[in-house]
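# Results of the structural survey
Each chain, letter by letter, is given below.
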Amino acid sequence: MRPPPWLDSGTLGRDLVLAGASLAGGLVLYTLGWQPQVRPDADVPSALFLPPLLAVCVAVGLRRVAPRASLAVGTGALVVDTALGSSLGTLLVYTQVLYDACVYGPSRLWRWLLRITVALSLIGVVVGVLVHGQWSGAALGVLVVLVGLLPVLTGISVRQYRDQAAAERARAEQTARLVELDRRQAVSAERARMARELHDVVANHLSAVAIHATAVLSVPGLDRGQVESALRVIRESSVQGLAEMRQMIEVLREPGTSAGPGTPEVVTARLAEADGLVERARAAGLAVRVRTDGTPGALPVGVDLAAYRIVQESLTNALKHGTGEAELTIAYRPAEVVLTVENPVRRGGAGLPGAGAGLIGMRERATLLAGRFTAGPHDGRWRVRAALPTGEVG
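Calculation criteria
- Residues numbered from 1 in each chain as written.
- Predicted model: local features only at pLDDT ≥ 70, side-chain atom pairs only at ≥ 80, totals over all residues.
- Heavy atoms only, no water.
- Helix = DSSP H or I, 4+ residues; strand = E, 2+ residues; numbered from the N terminus.
- Buried < 20%, exposed > 50% of the residue type's maximum accessible area, 1.4 Å probe, protein only.
- Contact = heavy atoms within 4.5 Å.
- Areas by Shrake-Rupley, 256 points an atom, 1.4 Å probe, with all protein chains shown as cover.
- Expected span 1.5 Å × (residues − 1).
- Patch = residues over 30% accessible without salt bridge, like charges linked within 9 Å, V, L, I, M, F, W, Y side chains within 5 Å.
- Salt bridge = Lys/Arg side-chain N within 4 Å of Asp/Glu carboxyl O.
- Pairing = 2+ DSSP bridges.
- UniProt positions renumbered as here; feature names shortened; annotations may be inferred.
- Right-handed = clockwise from strand over helix to strand, strands pointing away.
- Phe/Tyr/Trp six-rings, centres within 6.5 Å; stacked < 30°, edge-to-face > 60°.
- Lys NZ or Arg CZ within 6 Å of the ring centre and 35° of its normal.

## Some details on the overall build of the protein chain
The secondary structure content of the protein chain amounts to ten helices and five strands. Counting only residues that meet the buried cut, the protein chain has 34% of its 394 residues in that class. Looking at the protein chain alone, contacts between residues at least 24 apart form 71% of all its contacts between residues at least 6 apart. Within the structure as shown, the protein chain displays about 22700 Å² of accessible surface, and the carbon and sulfur contribution to it stands at 63%.

This is the structure in structure tokens:
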């Protein structure tokens, strides 16, 4: 059966019950006549031993709420009881008072109690031997050890185990908080990564679609060939965007949840495929000049993807905000690959609106790879430059 809540550990009700049980035990010894003094004195009435017994039981009730007061009351009761002749019940209850003072009192209290009880034990041995004139008198020191030193040592041991358990709980809680922080950081990083990918997959292709749809709607008198050319670009951009979107969805799906046999093939996103980006930009009306320095080589997967996306976003921005021409330079160096895209800026701020997410995404990609990224006006043109380390040393 579960005890009532007021008797749970650490409650005042449990302390009062323990004090009452101690008093009842002492009264039983007194009633049965088992409460003679260690050194009985016929002139001392037995009833005088009841107030010290009651006082030391009150000290037990104060063990949690006031450890110092509990020790003071209990010690005073023991001194009075010893002066009367020392009763067994008071001595036994006082051992509980010492134990509780070490467990629930401040650290300084149990350190002082340890020193005092050790000193009293040694003094008891010396006094007993001197008084009795033989080594059997050392039994007085043994009594002090049993009544004083042993409860103190037991209380110190329990306190150390309790403090160690509290430290372990605190360490476990701290670990749980760190795990939660790591989880939140991982979620934030994944959200940022998905935002970059969604922007690159959706915004770039839709920009080309919007530009050509605007041209078809705003320029009167287009012949069928020009309309078909614009629609062809719109279709290619739409199909490419859908293919990359399906690829991203497949990556996000759990293993074994394939969309079926109708799923398109995986779309590569590597710097080696930049020619496709250039061709689509040219088809969209952007005159792109490409220059390659150095010998192309295999790049780490992360660098390959980041370089592809940076080129894609830069050409899209040139198409949206430029005057219709751009220059792409890809430089393969021993320890990095450097991408540079320059284009004239359209005067008057005309062009498709943008929120600046593309520049943020390119900068984040370069930063995650410990690379360098700059974007801004340069010699009257807009220049985007990204240096991505490849991890190779020349």
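Picking up where we left off.
## Quick word on unusual backbone geometry
Of note, the phi angle at Ser86 is positive, near 70°, even though the residue is not glycine. Inspection of the secondary structure puts Ser86 in the loop between helix H3 (67–84) and helix H4 (88–104). With relative accessibility at 12%, the residue Ser86 sits in the buried group. For Ala370, which is not glycine, the phi dihedral falls at a positive 60°. Counting through the fold element by element, Ala370 comes out in the loop between helix H10 (357–368) and strand E4 (372–378).

## Side note on helix H2 (residues 50–61)
Here H2 spans 17 Å end to end across twelve residues, near enough to the 16 Å set by a 1.5 Å rise per residue. Taken residue by residue, H2 has Pro52, Leu53, Val56, Cys57, Ala59, Val60 and Gly61 as its buried positions. Against helix H1 (12–31), H3 and H4 lie the buried residues of H2.

## Remarks on a nonpolar patch on the surface
Taken together, the side chains of Trp112, Ile116, Leu120, Ile123, Val127, Val131, Leu140 and Leu143 make up a nonpolar region of the molecular surface, amounting to roughly 740 Å² of accessible area. Those elements giving two or more residues to the nonpolar patch turn out to be helix H5 (107–132) and helix H6 (139–218). If one sorts the elements of the nonpolar patch by residue count, H5 sits on top with six residues. Examined against the element boundaries, Trp112 turns out to sit in helix H5.

## Brief notes about the pairing of strand E5 (residues 381–389)
As defined by bridge partners, strand E3 (residues 336–344) adjoins E5 across nine bridges and the pair is classed as antiparallel. By the bridge assignment for E5, Asn343 is matched with Trp382. Where E4 lies against E5, seven bridges are found, and the strand directions are antiparallel. The partner of Arg372 across the bridge, within E5, is Ala387. Here E4 hands over to E5 after two residues, with Asp379 in that stretch at a positive phi of 55°.

## Remarks on the UniProt feature "transmembrane region" (unreviewed entry) in the protein chain
In the numbering used here, UniProt assigns the feature "transmembrane region" (unreviewed entry) to residues 12–32, 44–62, 69–92, 112–131 and 138–158. Structurally, residues 12–32 is divided into 95% helix and 0% strand, and its ends, taken at the C-alpha atoms, are 30 Å apart. Between the end C-alpha atoms of residues 44–62 there is a gap of 29 Å, over a span that is 63% helix and 0% strand.

## Focus on the pairing of strand E1 (residues 287–293)
Bridge count for E1 against strand E2 (residues 325–332) is seven bridges, and the pairing is parallel. What sits directly across from Asp293, in E2, is Ala331. For the handedness criterion, the β-α-β arrangement of E1, helix H9 (residues 301–321) and E2 is classed as left-handed.

## Describing the packing of aromatic side chains
Evaluation of the coordinates by the stated rule reveals zero aromatic pairs. If you follow Arg115 out to its NZ or CZ, it ends over the ring of Trp112, 5.2 Å from the centre.

## Quick notes on the environment of Leu53
Locating Leu53 in the fold gives a position in helix H2. Classification of Leu53 as buried rests on a relative accessible area of 1%. Taking the C-alpha atoms as reference points, Leu53 and Gly26, separated by 27 residues in sequence, lie 7.1 Å from one another. Sequence-distant contacts of Leu53, that is, excluding residues within four places in its chain, are made with Leu23, Gly26, Leu27, Gly89, Thr90 and Val93.

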